[in-house]
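# Coordinates in review
Now for the letters of each chain:
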Amino acid sequence: MLKFFKRVWMGAGYLEGYGEHPGTMILIVSIFAAGAAGLNRGGLTGFVGGTIFGFVCMAPFYIIGCVERAKGYERDVERT
């Protein structure tokens, strides 16, 4: 379990040969877009709810990408 969290942390940042995670800005924009949609419907409470909903929907895909990037990086480091 600890290795999973290390891979998520490592994959979310800069990796040599891979660069920054390309989905970081997409995740942030998607979360705030969901918050803005909630703001239109329910004010501040709607914004918070929309932000949480956006995070719950988008974060698993981002985390999967982080783990896959970290695994690929680990494989590349083992080869060299």
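Please read these numbers as outputs of a predicted model, since none were measured by experiment.

What counts and how
Residues numbered from 1 in each chain as written. Predicted model: local features only at pLDDT ≥ 70, side-chain atom pairs only at ≥ 80, totals over all residues. Heavy atoms only, no water. Axes fitted to C-alpha atoms, helices over the stretch in contact; angles between N-to-C directions. Helix = DSSP H or I, 4+ residues; strand = E, 2+ residues; numbered from the N terminus. Parallel < 35°, antiparallel > 145°, perpendicular 65-115°, else oblique. Contact = heavy atoms within 4.5 Å. Nonpolar A, V, L, I, M, F, W, Y, C, P; charged D, E, K, R; others polar. Core = buried A, V, L, I, M, F, W, Y, C linked by side-chain atoms within 4.5 Å. Buried < 20%, exposed > 50% of the residue type's maximum accessible area, 1.4 Å probe, protein only. Arc of directions from axis to C-beta.

Our next topic: the packing of helix α1 (residues 2-12) against helix α2 (residues 24-79). One way to put it is that α1 packs onto α2 with a least axis distance of 7 Å and a crossing angle of 100°. Here α1 is positioned roughly perpendicular relative to α2, judged by the angle of their axes. Counting all contacts with α1, which are made through F4, R7, V8, M10, G11 and A12, the residues of α2 involved are T24, Y62, I63, C66, V67, R69, A70, K71, Y73 and E74. Taken together, the residues that form the contact of α1 with α2 break down as ten nonpolar, two polar and four charged.

The next point concerns the environment of G17. By secondary structure assignment, the location of G17 is in the loop between α1 and α2. Expressed as a C-alpha distance, the spacing of G17 and G43, which sit 26 residues apart in the sequence, is 44 Å.

With six residues, the main nonpolar core is built from V8, L27, I31, Y62, C66 and V67. The element that contributes the greatest number of residues to this core is α2, accounting for five residues. Apart from residues lying up to four places away in sequence, L27 is in contact with M58, A59 and Y62.

What follows concerns α1. Within the span of α1, buried status applies to R7, V8 and G11. Buried positions in α1, seen along its axis, are confined to an arc of 100° and lie on one side of it. What points out from α1, more than 90 degrees from its buried face, is the exposed set L2, K6 and W9. Where α1 is buried, its residues contact α2.

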